[in-house]
Amino acid sequence: MSTLELHIDVGVPADTAWETLHQVETYPRFVDGVRGARTEAGGRAHLEVEASGGAREVEAEVTDRRGERVMEWLTTGTPELTGSFTVQPIDRDHTRIQARVEYDPDTVRDIFGGPKGFAQTNAIERLVRGDLDHFKEYVERG
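Cut-offs applied
Residues numbered from 1 in each chain as written. Predicted model: local features only at pLDDT ≥ 70, side-chain atom pairs only at ≥ 80, totals over all residues. Heavy atoms only, no water. Phe/Tyr/Trp six-rings, centres within 6.5 Å; stacked < 30°, edge-to-face > 60°. Buried < 20%, exposed > 50% of the residue type's maximum accessible area, 1.4 Å probe, protein only. Pairing = 2+ DSSP bridges. Helix = DSSP H or I, 4+ residues; strand = E, 2+ residues; numbered from the N terminus. Axes fitted to C-alpha atoms, helices over the stretch in contact; angles between N-to-C directions. Contact = heavy atoms within 4.5 Å. Core = buried A, V, L, I, M, F, W, Y, C linked by side-chain atoms within 4.5 Å. Polar contact = N/O pair within 3.5 Å; in protein donor to acceptor, adjacent residues only side chain to side chain.

Peer 1: Looking at this structure, how should I read the packing of aromatic side chains?
Peer 2: Applying the stated criterion across every chain, the model contains 3 aromatic pairs. Pairing Tyr27 with Phe30 gives two aromatic rings, centres 5.3 Å apart and planes at 55°, and the pair type is tilted. Looking at Phe30, the relative accessible area reads 4%, which means it is buried. Where Phe30 meets Tyr138, the ring centres are 5.4 Å apart and the plane angle is 35°; that geometry is what we call tilted.

The structure is reproduced here in structure tokens:
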């Protein structure tokens, strides 16, 4: 398993960032490759993802540790991915979002295509960094 951790500071209160992360239906606006998303019963999310020219459905279980402002997710099929978003207040109007993703590089390559080895790690990091940048733009626009 490989682990990627990145963070970004956004110019909104922590409560605003927290609530926005929980609006799964808005993910297509800031998560690259997500074409559709919805919340389902039992703390589940359904994502329609396009990658390497193909479409794929991804289901995930989502859990909250609201008191710690940590949202964790785990895909329920392939690819096996786990991750979390941690929302940390910096001050009244600024928040740090930390994203953590754990993945098996071979599985990700087999399912989504793309480069191998170090190049794949860089590609995944660029993708997550881009998603965080898009989240920042989206949440700060209100």
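Read on, since the account is not over.
Peer 1: Explain the sheet that holds strand E4 (residues 54-65) to me, please; I cannot follow it from the model alone.
Peer 2: Either a parallel or an antiparallel arrangement is found when strands of a sheet pair, and the pairing is made through backbone hydrogen bonds. What the 7 strands build is an open sheet, ordered E1-E7-E6-E5-E4-E3-E2; its pairing is antiparallel. Taken across any chain shown, the strands that pair with only one partner, and hence form the sheet edges, are strand E1 (2-10) and strand E2 (34-40). Here the average twist between neighbouring strands, direction ignored, is 20°. One ladder, built from 10 bridges, connects strand E6 (residues 81-91) with strand E7 (residues 94-103); its direction is antiparallel. Paired with Ser84 across the strands is Arg100, a residue of E7. In this fold helix H1 (residues 14-21) packs onto E4, strand E5 (70-75), E6 and E7, with an angle of close to 160° to the strand it touches most, E6.

Peer 1: Just to check I follow, could you spell out the nonpolar core for this structure?
Peer 2: Here is a general trend for soluble globular proteins: nonpolar side chains tend to be buried in one another's company. Among the nonpolar cores identified, the biggest contains 34 residues, and Ile97 and Val128 are the most heavily contacted of them. Elements represented by at least two residues in this core include exactly E1, H1, E2, strand E3 (44-51), E5, E6, E7 and helix H3 (117-141). No other element matches the 6 residues that H3 contributes to this core. Excluding residues that lie within four positions of it along the chain, Ile97 makes contacts with Leu6, His7, Ile8, Val10, Ala17, Leu21, Phe85, Thr86, Val87, Leu132 and Phe135.

Peer 1: I would appreciate a short explanation of the side chain of Thr95 in the present structure.
Peer 2: For Thr95, the location among the structural elements is in strand E7. For Thr95, a relative accessible area of 0% gives the class buried. Reaching out from Thr95, the side chain makes a polar contact with the backbone oxygen of Val12 at a distance of 2.7 Å. A polar contact is formed between the side chain of Thr95 and the backbone nitrogen of Ala14, at a distance of 2.9 Å.

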